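Chain by chain, the residues run as shown.
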Amino acid sequence: MILPVLISISLVHIMVPAGYYFWMKRLSKKGNWNLTLSDFEPKVTLIVATYNEANIIEDKLNNIRELTYPKDNLEVIVVDSASTDGTAQVVKDYLERNSLPFKTIVIEEDQRRGKSKALNNALQTASGNIVATSDADCIWTPQSFNNALKYLSDKSVAAVCGVEVLTNPEESSAARTELQHRQVFNFIRVGESKLQSTIVFEGALALYKKGLLEKFDEDCDDSGSALNLVQKGFRTIMVPDASFLNACPRGWKAKATKKIRRAQHLVDVWWKCLKLSLRRKSKMNPWISASNIFLYLFNPFLFPVFMVTIVGIFLTWPLTSLTIPVFLLVPKLRDGIITYLSNYVFLLYAILMQALGRKQIVWKK
Ligand code: GDD
Ligand code: MN
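Quick caveat: nothing in here was measured; it's all calculated off a predicted structure. (Residues numbered from 1 in each chain as written. Chains lettered and ligands numbered in written order. Predicted model: local features only at pLDDT ≥ 70, side-chain atom pairs only at ≥ 80, totals over all residues. Heavy atoms only, no water.)

Trainee: Looking at this structure, I do not really get the overall build of the protein. What am I missing?
Mentor: Looking only at helices and strands, the protein has 12 helices and eight strands in total. Rg of the C-alpha trace for the protein: 22 Å, near the compact-globule value of 21 Å for 365 residues, within the 12% margin. Principal-axis analysis of the C-alpha atoms gives the protein an extent of 75 × 40 × 35 Å. A buried classification covers 52% of the 365 residues belonging to the protein. When contacts within the protein are restricted to residue pairs at least 6 apart in sequence, those whose partners lie at least 24 apart make up 83%. Summed over its atoms, the accessible surface of the protein is roughly 17,200 Å², and 61% of this surface lies on carbon and sulfur atoms. For the protein, the separation between the mean place of its 45 positive charges and that of its 33 negative charges on side chains is 8 Å. (Helix = DSSP H or I, 4+ residues; strand = E, 2+ residues; numbered from the N terminus. Rg over C-alpha atoms; globule rule 2.2 N^0.38 Å. Buried < 20%, exposed > 50% of the residue type's maximum accessible area, 1.4 Å probe, protein only. Contact = heavy atoms within 4.5 Å. Areas by Shrake-Rupley, 256 points an atom, 1.4 Å probe, with all protein chains shown as cover. Lys, Arg positive; Asp, Glu negative; His and termini not counted. Charge placed at Lys NZ, Arg CZ, Asp CG, Glu CD.)

Trainee: Just to check I follow, could you spell out the nonpolar core for this structure?
Mentor: Across soluble globular proteins, nonpolar side chains have a tendency to be buried as a group. In this structure, Trp140, Phe145, Ile199, Leu207 and Trp270 are the most contacted members of the largest nonpolar core, which totals 99 residues. Of the domains in this structure, domain 1 (2-25 + 274-355) and domain 2 (32-251) are the two that each give at least three residues to this core. Discounting chain neighbours no more than four positions away, the residues touching Trp140 are Leu46, Lys60, Asn63, Leu67, Ala132, Thr133, Ser134, Phe145, Ala204, Leu205, Ser243 and Phe244. (Core = buried A, V, L, I, M, F, W, Y, C linked by side-chain atoms within 4.5 Å. Domains from an automatic or database assignment.)

Trainee: What is the right way to read the site of ligand 1 from this model?
Mentor: With respect to spatial proximity, 23 residues lie near ligand 1, and among them Glu53, Ser81, Lys115, Asp221 and Arg261 are the closest. One of the backbone N or O atoms of Ala49 is found 2.8 Å from an oxygen atom in ligand 1. Between an oxygen atom of ligand 1 and a side-chain N or O atom of Asp137, the distance comes to 3.1 Å. It is helix α9 (residues 252-278) that provides the largest number of residues to the shell around ligand 1, a total of four residues. Considering only residue class, the shell around ligand 1 consists of seven nonpolar, five polar and 11 charged. (Near = heavy atom within 4 Å. Polar contact = N/O pair within 3.5 Å; in protein donor to acceptor, adjacent residues only side chain to side chain. Nonpolar A, V, L, I, M, F, W, Y, C, P; charged D, E, K, R; others polar.)

Trainee: Explanation requested: the packing of α9 against helix α10 (residues 286-316) in the structure shown.
Mentor: Two numbers describe a pair of packed helices, the interaxial angle and the distance between the axes. Running from N to C, α9 and α10 cross one another at 130°; their axes reach a closest spacing of 9 Å. One element, α9, and the other, α10, form an angle in the oblique class. Judged by the twist between their axes, the crossing of α9 over α10 is left-handed. Across from Leu266, Val267, Trp270, Trp271, Cys273, Leu274 and Ser277 in α9, the residues of α10 making contact are Ser289, Asn292, Ile293, Tyr296, Leu297 and Phe298. In terms of residue class, the contact of α9 with α10 is built from 10 nonpolar, three polar and no charged. (Axes fitted to C-alpha atoms, helices over the stretch in contact; angles between N-to-C directions. Parallel < 35°, antiparallel > 145°, perpendicular 65-115°, else oblique. Left-handed = near helix turned anticlockwise from the far one by under 90°.)

Trainee: Is there a simple way to explain the pattern of salt bridges in this structure?
Mentor: Pairing of side chains with opposite charge becomes possible as their charged atoms draw close. Summed over all chains, the structure comprises 22 salt bridges. In this structure, Asp110 and Arg113 form a salt bridge, with 3.4 Å as the shortest nitrogen-oxygen distance. Assessed through its relative accessible area of 65%, Asp110 is described here as exposed. For Arg113, a relative accessible area of 33% translates into the label partly exposed. The partner of Arg189 in a salt bridge is Glu192, and the shortest N-O contact between them spans 3.1 Å. One end of the pair is Arg189 and the other is Glu192, both in helix α6 (residues 173-195) and three residues apart, which spans about a single turn. When its relative accessible area of 0% is taken as the criterion, Glu192 is described as buried. One network of salt bridges, in which partners are shared, links Glu164, Arg182, Glu202 and Arg262. (Salt bridge = Lys/Arg side-chain N within 4 Å of Asp/Glu carboxyl O.)

Trainee: Got a minute to help me understand helix α5 (residues 144-151) in this structure?
Mentor: For an α-helix, 3.6 residues make a turn, and residues three or four places apart therefore share a direction. With six of eight residues buried, α5 lies mostly within the body of the structure. Among the residues making up α5, those that are buried are Ser144, Phe145, Asn147, Ala148, Leu149 and Tyr151. The secondary structure elements touched by the buried residues of α5 are β1 (44-50), β4 (130-135), β5 (139-140), β6 (157-166), β7 (206-209) and β8 (235-246).

Trainee: Please clarify how the side chain of Gln231 should be interpreted in this entry.
Mentor: Within the fold, Gln231 resides in helix α8 (residues 221-231). Among the polar contacts made by the side chain of Gln231, one reaches the main-chain carbonyl oxygen of Lys281 at a distance of 2.9 Å. Beyond its immediate stretch of four places on either side in the chain, Gln231 contacts Leu276, Lys281, Ser282, Lys283 and Met284.

Trainee: What should I look at first to understand the domain arrangement of the protein in this one?
Mentor: As a measure of interface size, the accessible area lost when the parts come together is often cited. Looking at the assigned domains, one finds that the protein contains domain 1 (2-25 + 274-355) and domain 2 (32-251). Distance from the C-alpha centre of domain 1 to the C-alpha centre of domain 2: 31 Å. Across the domain 1/domain 2 interface, buried area totals approximately 1,800 Å², and carbon plus sulfur atoms make up 60% of it. Area buried by domain 1 at its contact with domain 2 is led by Met24, Lys283 and Met284, which between them contribute 29% of it. In this assembly, domain 1 and domain 2 are joined by one salt bridge. Here Asp335 ties to Arg176 by a salt bridge, and the two come within 3.0 Å at their closest N and O atoms. For the side of domain 1 that touches domain 2, the per-class residue count stands at nine nonpolar, six polar and five charged. (Buried area = accessible area lost by both parts, 1.4 Å probe.)

This is how it looks when you write it as structure tokens:
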């Protein structure tokens, strides 16, 4: 009988992520950082890469202005990759109208080569010992920058990133399910950070020690940069007391575009990690790398098996199908199922795109 085999495979498909989630959640709540933190106020360069952000870039500059960090130790670089909507001009006009208390530099690239290349371009000009990155469309909460920075006072930490808080979680089904996804993943990333490091990084609020970073990874976005630092023997962590606000795309199409792109970067970075592990060169905590390699690279292929198993169970024991209305009528359960299904569809699609060599270094805005 094939059903018992399918059920066993399905149990692995469900229990491994569930087990990892509960372990990491516990660690994120009860674990220790094992860090020695002290006050320090290094020179910081904040880089905002922009492509076609004319509508929102002023809000971002206003948000940066509200930072409570000593202005003499802060430098801001906006690096724009030949936007077609006049973003760079909007920034220059803003700087003429407002005299900012910190040095602000605008770099205009003549061609669009992607966010990471733009960040590397800005890095050549950056004078800070710490380099921070942010996206044009996210807002930092007042204390988040100072909170994140203090973790870099420990010698073992090379990079810190913040936690995303959604501004529109009730707006649509796409946003509601993103909130569920976030609640699970933030626990996992903070748990991994307490255990050692997370390399699933958030470029919307990320801080790096420039001397260790050397350059941003141009293949796998922020997560690639984090992996490179872990490979140098340092920790890269997500900290719960530094948050940034971001809106989730309202519609499913826009959400899918963004999620698949992010998933492609992650599939790429965990693939690199798998190759490092096989060559015994990985510096990641083995539990973290093995779990994520399984979750991102292997478990998606068990998803269709799980679907077939469910159908098999309903056909073999028809009474079990009476549970279907419960799953469909309880809103949280229904959203949970949509979150689960969509995540695996996005992941499988991302793996396919990576396999076909369709990397997303420059993406549609
Ligand atoms: N200079 C430059 N050049 N900036 C760019 C380019 C480019 O070619 N492409 C995108 N950006 C800028 C955007 O203007 C924005 O400020 C930031 O990079 C993030 O891009 P979004 O288009 O807003 O992407 P997102 O909302 O999906 O961002 C998330 O995913 C990205 C990777 O897929 C965030 O996590 C980003 O930090 C991450 O890089
Ligand atoms: Mn964005």
